[in-house]
Amino acid sequence: MTELAAAAAAGAEPLVSVLIPAKNETGNIGSLVAEVVAALRPECPFEIVLVDDGSDDGTGDEFLQRCAELGSAARLIRHEKSVGQSTALMSAARQARGRYLVTIDGDGQNDPADMPALLRSARETEAQGEHFCIAGYRKNRQDTEWKKFQSRIANAVRQKILNDQVPDTGCGLKLIPRATWLQLPYFDHMHRYLPALVLRLGGAIRVVPVNHRARQAGVSKYNAWNRLWVGLVDMAGVVWLTRRGKRPVIAQVRTLAAHEESH
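Residues numbered from 1 in each chain as written. Predicted model: local features only at pLDDT ≥ 70, side-chain atom pairs only at ≥ 80, totals over all residues. Heavy atoms only, no water.

Draft legend 1. The arrangement of helix α5 (residues 115-125) in detail. Every buried residue belonging to α5 is among M115, P116, L118, L119, S121, A122 and T125, and all of these are buried. Buried-residue contacts for α5 involve β1 (16-22), α2 (29-40), β4 (100-103), β5 (132-138), β6 (174-177) and β7 (204-210). (Buried < 20%, exposed > 50% of the residue type's maximum accessible area, 1.4 Å probe, protein only. Helix = DSSP H or I, 4+ residues; strand = E, 2+ residues; numbered from the N terminus. Contact = heavy atoms within 4.5 Å.)

Draft legend 2. Quick look at the environment of L173. Along the chain, L173 turns up in the loop between α6 (145-162) and β6. Judged by its relative accessible area of 0%, L173 is buried. Measuring from C-alpha to C-alpha, the distance between L173 and G136 comes to 5.3 Å, with 37 residues separating the pair along the chain. Each residue touching L173, except ones within four places of it in the same chain, is listed here: V102, T103, I104, N110, D111, D114, M115, L118, I134, A135, G136 and V210.

Draft legend 3. Highlighting the sheet that holds β1. Spatially, β3-β2-β1-β4-β6-β5-β7 is the arrangement adopted by the seven strands of the open sheet, whose pairing is mixed. Two strands bound the open sheet, and with one partner strand each, they are β3 (74-79) and β7. With strand direction ignored, the average angle separating the axes of adjacent strands in the sheet is 20°. Strands in contact with helix α4 (residues 85-95) are β1, β2 (46-53), β3 and β4; relative to β3, the strand with the most contacts, it is inclined by about 140°. (Pairing = 2+ DSSP bridges. Axes fitted to C-alpha atoms, helices over the stretch in contact; angles between N-to-C directions.)

Here it is in structure tokens:
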């Protein structure tokens, strides 16, 4: 057992908070929790934060039961009504205690076994500055050809407009320092533009190839139409934020104690 894993067993503060937005994901969430625990328990202290975004099934109960069975630190946040993935992730980020936030979709298509690779990349990247995003890249997507075609078009348009340095911004598996996340501007659908928003802070972007799996239960909440139109508006908003953002370079800070007099 590593030193970090031993600290986790002793109940140390989490290094990583795994954020899971979920709506009606019974049949997926229990097995996902088990995989998260298997991936991170040997690595570091962690917690799992699930936002039940207005589910009308037993998603939240299944989550708590599985975490209790596995002895994992957990936090459940329930939204009275569904408000979308970005707002769910923001609720989770504000409640999380970890230094690093790792986002993962609740449908089980992201593979928690990739989390240690994101964590290793984060430890290498943080030496370059406080702000960064480690973005997963679903190199071999397990989706329909039509859905993959839509994503290729969307990614090409986004890259042309935002140049956010990632080939697959739709991948739910990402790692961002909590301190960075809390400085990002909040708006609906912001989770699709996290790399661009981190770049706006002067942060670094790293891409890590990750596994992708077919959905085992439930149905997708997205389709071409509910992504296309809001995507165009959102990109225009991100461009506006990027052009209006200012990053001051502080040349000097001088302070005087209360008892000193200036001359």
